[in-house]
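Single-letter residue listing:
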Amino acid sequence: MINEKMYGLGSKRSIIREIFEYCKVRAQEIGKENVFDFSIGNPSVAPPDEIKECINELVKNENSVLLHGYTSAQGDLGAREAVAGDIRKRFGVEISADDIYMTCGAAASLTISLKALCNEGDECIVFAPFFTEYRVFIENAGAKVVVSTPMEKTFQIDIADLESKITNRTKCVIINSPSNPSGVVYNEKTVGDVTALLRKKEQEYGHEIYLIADEPYRELVYDGVRVPYLMNYYDDTIVCYSYSKALSLPGERIGYIAVCPKMKDNRKVYLAVCGAGRSLGYVCAPSLFQQVIARTINAKVDVNIYKQNRDILYNGLTEMGYDCVKPDGAFYLFVKSPEEDAYAFFEKAKSKEILVVPCDDFGVKGYVRIAYCVSKDMIIRSLPAFRALMTEYAKN
Ligand code: PLP
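Residues numbered from 1 in each chain as written. Predicted model: local features only at pLDDT ≥ 70, side-chain atom pairs only at ≥ 80, totals over all residues. Heavy atoms only, no water.

## Brief notes about the packing of helix 5 (residues 77–91) against helix 11 (residues 287–295)
Direction vectors running N to C along helix 5 and helix 11 enclose 40°, while the axes themselves pass 8 Å from each other. The angle between the axes of helix 5 and helix 11 places the two elements in the oblique class. The interaxial crossing formed by helix 5 with helix 11 has left-handed handedness. Counting all contacts with helix 5, which are made through G78, A79, A82 and V83, the residues of helix 11 involved are Q290, I293 and A294. Each residue belonging to the contact of helix 5 with helix 11 can be placed in one class, and the counts come to five nonpolar, two polar and no charged. (Axes fitted to C-alpha atoms, helices over the stretch in contact; angles between N-to-C directions. Helix = DSSP H or I, 4+ residues; strand = E, 2+ residues; numbered from the N terminus. Parallel < 35°, antiparallel > 145°, perpendicular 65-115°, else oblique. Left-handed = near helix turned anticlockwise from the far one by under 90°. Contact = heavy atoms within 4.5 Å. Nonpolar A, V, L, I, M, F, W, Y, C, P; charged D, E, K, R; others polar.)

## With respect to helix 10 (residues 266–280)
For helix 10, built from 15 residues, the straight-helix expectation of 21 Å at 1.5 Å per residue is met to within 8% by its first-to-last C-alpha distance of 21 Å. If you check which residues of helix 10 are buried, you get N266, V269, Y270, V273, A276 and G277. Projected onto a plane normal to the axis of helix 10, the buried residues spread over an arc of 120° and lie on a single side. In helix 10, the exposed positions that point more than 90 degrees away from the buried face belong to K268, L271, R278 and S279. Of the surrounding secondary structure, the elements contacted by the buried residues of helix 10 are helix 5, strand 2 (100–103), helix 6 (105–117), strand 6 (210–214), strand 7 (237–242) and strand 8 (255–259). (Expected span 1.5 Å × (residues − 1). Buried < 20%, exposed > 50% of the residue type's maximum accessible area, 1.4 Å probe, protein only. Arc of directions from axis to C-beta.)

## Structural notes on the domain arrangement of the protein chain
When cut into domains, the protein chain gives domain 1 (4–48 + 301–395) and domain 2 (49–295). Here the C-alpha centre of domain 2 lies 26 Å away from the C-alpha centre of domain 1. Facing the 33 residues of domain 1 at the interface are 36 residues of domain 2. With both chains or domains summed, domain 1 and domain 2 bury close to 2,800 Å², and 63% of this area falls on carbon and sulfur atoms. Three residues, P48, D328 and F362, lead the burial of domain 1 against domain 2; their summed loss comes to 23% of the area buried on that side. Along the contact surface separating domain 1 from domain 2 lie three salt bridges. (Domains from an automatic or database assignment. Buried area = accessible area lost by both parts, 1.4 Å probe. Salt bridge = Lys/Arg side-chain N within 4 Å of Asp/Glu carboxyl O.)

## With respect to the pattern of salt bridges
Across all of its chains, the model carries 28 salt bridges by this definition. For the salt bridge of K189 with D193, the shortest nitrogen-to-oxygen distance reads 2.5 Å. Pair noted here: K189 and D193 are both in helix 9 (residues 188–205), with a separation of four residues, about one helical turn. The exposure class of K189 is exposed, given its relative accessible area of 58%. Exposure remark for D193: the relative accessible area of 28% places this residue in the partly exposed category. The network of salt bridges with common partners includes E163, K200, K201 and E204.

## Here we look at the site of the ligand
The local shell around the ligand holds 14 residues, among which A106, D214, Y217, S242 and R253 are the closest. Within the backbone of A106, a nitrogen or oxygen atom sits 2.8 Å from an oxygen atom of the ligand. Here N180 contributes a side-chain N or O atom positioned 2.8 Å from an oxygen atom of the ligand. Across the complex, the protein chains shield 91% of the 390 Å² of accessible surface that the ligand would expose by itself. In this structure the site holding the ligand corresponds to the largest pocket. (Near = heavy atom within 4 Å. Polar contact = N/O pair within 3.5 Å; in protein donor to acceptor, adjacent residues only side chain to side chain. Areas by Shrake-Rupley, 256 points an atom, 1.4 Å probe, with all protein chains shown as cover. 1 Å grid on protein atoms, 1.4 Å probe; cavity = no way out; pocket = protein on both sides within 12 Å on 5 of 7 lines; lining within 4 Å. Sits in = over half its atoms within 2 Å of the grid points.)

## Regarding the sheet that holds strand 9 (residues 323–324)
What the four strands build is an open sheet, ordered 9-10-13-12; its pairing is antiparallel. The sheet is open, and its two edges are formed by strand 9 and strand 12 (357–358), each paired on a single side. Here strand 9 pairs with strand 10 (residues 332–336) via two bridges, running antiparallel. When the sheet's bridge partners are listed, D323 is paired in strand 10 with K336. (Pairing = 2+ DSSP bridges.)

Right, dumping it as structure tokens:
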């Protein structure tokens with residue numbers, strides 16, 4: 001008998017993947033230019049030139065046996081020192097290479113961290129709307145998903161709701177800011193309130209409640225918005241970072257875990273991270289890209305391209321009567337379905353060749369996600385189809 005749970009996960013594709021695959025088939029049928037695929041969060045901005053130059057130089061000049069060989073399980077010391085130096089410089093946290101574990105992106109960072117922290121029956125709180133894979137990662141660590149309902153309209157964290165969801169079994173809380181799928185950034189006040197509440201609950205229950213900061217979108221923010229760095233607010237923090245979106249390198253699978261140096265159990269938690277990485281087979285992140293990160297730590301993608309897309313789409317859709325929060329970051333627009341059933345809206349949009357993602361699985365009903373990490377040209381060409389769709393709703 002094989003593991004039925006794993007069979008279930010493998011045989012059922014996520015709705016995003018399902019729509020993405022449909023788009024590929026549809027593009028063959030009617031032409032790529034006639035399909036408006038807003039389904040998947042694949043960066044549309046090229047990686048910075050320095051990355052390409054650095055890869056070329058490494059491949060040309062470095063000893064290829066070493067370059068493509070194993071690194072230490074937790075990552076090459078040079079790469080970990082570069083990451084720690086970056087955190088010290090940008091956020092003023094006195095962190096060292098010994099607090100960093102290099103990973104294959106945020107998915108690995110999260111899976112490892114959850115496995116390191118959770119025991120069977122523990123609870124992990126997520127804030128709706130949330131990245132659907134959290135459920136898979138949390139349950140794989142033997143923990144239970146507890147969903148905290150957000151404030152209406154703004155999708156900021158509802159502190160009273162969060163308080164009502166914390167129990168003696170709460171082991172960790174995941175904060176994803178900027179958020180996939182809402183694009184919301186949790187501001188300083190929200191972060192201050194959440195961390196004050198967690199400290200109070202740690203005291204009340206007499207054990208740690210860890211904060212996991214899932215930060216693949218940290219660098220994608222617009223109009224000077226600041227994303228508070230959680231280690232500066234709360235000692236029991238683990239940061240799960242990724243270069244997938246920050247440097248447009250999702251296929252290269254590179255990121256890291258940073259364990260807050262001020263955490264009381266810092267050494268124990270870091271070693272549990274190493275143990276979880278080992279037990280999951282997530283050791284020795286891609287060696288070439290560890291070297292790339294070590295040498296290009298200050299590289300940045302041009303976020304203005306996403307900002308332009310956001311502005312065209314947000315302004316266009318709201319002017320037509322669609323209802324959504326203006327996202328401060330990431331590359332998603334979280335739009336209220338003009339009818340209660342987001343799936344019905346999805347089908348109507350699909351009939352106009354617009355592919356968006358219904359978000360019931362993200363923990364909020366009646367919304368769709370539009371990923372605007374696409375070409376500006378496609379956004380502009382899609383606007384008449386969005387308008388025709390809204391006009392149909394206005395008629396009925
Ligand atoms: N967390 C969130 C919120 C995401 O949106 C994603 C990917 O889209 C991930 C984690 C996983 O990122 P990575 O590609 O670095 O594994």
